[in-house]
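As a plain string of letters, each chain reads:
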Amino acid sequence: MNSINTENHMFVLHFENRLDVTKLLSRSILIKFAISLSVEAQSYEQLFHELKNKPEVIENYDVPDESFALRFFAIGRKKKLDSIERIKMFLEAVQFNHAPICLISPVNEFYLVEEYDHPTDENPRKIFFGKLWGEGRSELKTKYNLRERCYIGNTTMDPELSFIQVGFPMHLCSLIEHLKANLAMVQPGNLVFDPFVGTGGLILPAAEFGGYVMGTEINYQTARAKGRSSRQGDKLLSIVIADSSKHAIWSSNAKFDVIVADPPYGVREKARKTVKNKKSDANEDYIQYQQKEDYDLEAAFCDLLNLAAMTLVMNGRVSFWYPVILEKYCSENLPTHPAMELLSNCEQPLTRKTSRRLLSYRKVREPIANEECEIRKTGVSHYRDCLFSSNKKENC
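Residues numbered from 1 in each chain as written. Predicted model: local features only at pLDDT ≥ 70, side-chain atom pairs only at ≥ 80, totals over all residues. Heavy atoms only, no water.

Under the annotation held in an unreviewed UniProt entry, the protein chain carries the name tRNA (guanine(10)-N(2))-methyltransferase TRMT11 and is attributed to Caenorhabditis briggsae. A UniProt comment under Catalytic activity (unreviewed entry) is attached to the protein chain, and it reads "guanosine(10) in tRNA + S-adenosyl-L-methionine = N(2)-methylguanosine(10) in tRNA + S-adenosyl-L-homocysteine + H(+)". (UniProt positions renumbered as here; feature names shortened; annotations may be inferred.)

What follows is the structure in structure tokens.
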């Protein structure tokens, strides 16, 4: 595969067969479309010359019983271009003599794509022509639009981000190796667990892609609400009202294929855990019960990675969002565990002082006694103070 420049919007990749492309598109929410590239040119003059020297590109589809359509797409251009004029210019130079035009449901659909370096450029840097092979799954953003859901909360994950986090299945790793790092790779039939499930924004895409989903939620008021946000057909197994920090609730036989999470950072929702109430010397009629207290962020993320090491199957993955303070950020801020291998670290900027990172780990072996997650250099515990501090230097 060619190296990918993430600054570009168009990528030219080589695949062994079309099935691989279809599999890729079936799980890609950010890919708009894929075409079988016939000609790549620096100008229209060169494009028409190349097509003249490759008559089979058009002749193979210029038959009376196969309709066609030509779509125009410009990338990187600020000023809107007249797509009709571009298509007319192309069809005057490259003629279909037998195939009828059908714009609604053509048998063959071709794309003319212009790529610009700068928004104000008059001429494109490159021009691509080819036959459409398929489109990505961007419709999932509309299907699971937050405005259309029956029930959401303060921290319900944006559908685009949640589908990116769930990501590609395992069999696509060999196709796009560099993408495998930051994805949970939920496959049909996987058991997927979210320890901070909330309204189900993360387990929803896992269910969409065939996983069986469940989660724990400490807030009864959040978990008891009914709505399709966290229910995807018969893929929802259970929502347990429980404290995710209490690992003893799980049997030693409990195993998950994938864990996904977006733990609360104390911004829109507080991080909380349960503790037993403390006995008062003045109170002789003491009754023990559970109460909630603030959950230190470093402890929360260490508990999450410890849970993954304990309950994931071998080579199972955990993927979660991790807040960082930019001025303090370094690799030692990240949680580590001897039984877990860090595979990806992708940044999403939030403010001038903070960002969050989508981290993915793979379980490489079973943990041994007394092995626990550690964060070698503190930072995340001060995240909320830094975000809301009026003094930029304080805690940042």
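Draft legend 1. Local environment of the sheet that holds strand β6 (residues 212-217). Strand order in the open sheet made by the 7 strands is β7-β6-β5-β8-β11-β13-β12, with mixed pairing throughout. Each end of this open sheet is capped by a strand with a single partner; those strands are β7 (236-241) and β12 (340-349). For this sheet, the mean inter-axis angle between neighbouring strands, taken without regard to orientation, is 15°. Two strands pair when backbone bridges link them, and β12 and strand β13 (residues 354-363) are joined in this way by 9 bridges, in the antiparallel orientation. Its bridge partner being in β13, Cys-346 is matched across the sheet by Leu-358. Along the sheet face, helix α6 (residues 159-166) touches β8 (256-261), β11 (312-325), β12 and β13 and points at about 140° away from the line of β11. (Pairing = 2+ DSSP bridges. Helix = DSSP H or I, 4+ residues; strand = E, 2+ residues; numbered from the N terminus. Axes fitted to C-alpha atoms, helices over the stretch in contact; angles between N-to-C directions. Contact = heavy atoms within 4.5 Å.)

Draft legend 2. Up close: the pairing of β11. Summarising burial for β11: 11 of the 14 residues are buried, a large majority. Across 5 bridges, β8 lies against β11 in parallel orientation. Bridge pairing in β11 links Phe-256 to Leu-312. Strand direction decides the pairing type here: β11 and β13, joined by 9 bridges, are antiparallel. (Buried < 20%, exposed > 50% of the residue type's maximum accessible area, 1.4 Å probe, protein only.)

Draft legend 3. Broad picture of the nonpolar core. Ranked by internal contacts, the top residues of the largest apolar core, which has 55 residues, are Ile-259, Val-318, Phe-320, Tyr-322, Met-340 and Tyr-361. Ranked by the residues each element gives to this core, the list is headed by helix α9 (residues 297-311), at 8 residues. Among all residues touching Tyr-322, those that are not within four sequence positions of it are Tyr-265, Phe-301, Asn-333, Leu-334, Pro-335, Ser-355, Arg-356, Arg-357, Leu-359, Ile-375 and Val-380. Formed by 21 residues, the second largest nonpolar core is a distinct cluster that contains Tyr-44, Phe-72, Leu-81 and Ile-127. (Core = buried A, V, L, I, M, F, W, Y, C linked by side-chain atoms within 4.5 Å.)

Draft legend 4. Structural view of the pattern of salt bridges. Under the criterion given, the structure shown has 15 salt bridges. Close ionic contact of Asp-117 with Arg-125 constitutes a salt bridge, the shortest N to O distance being 3.0 Å. You can call Asp-117 partly exposed: its relative accessible area is 47%. For Arg-125, a relative accessible area of 28% gives the class partly exposed. For Glu-139, the salt bridge identified is with Arg-137, shortest N-O distance 2.6 Å. For Glu-139, a relative accessible area of 37% gives the class partly exposed. Each of Arg-137, Glu-139, Lys-143 and Glu-208 takes part in one network of salt bridges that share partners. (Salt bridge = Lys/Arg side-chain N within 4 Å of Asp/Glu carboxyl O.)

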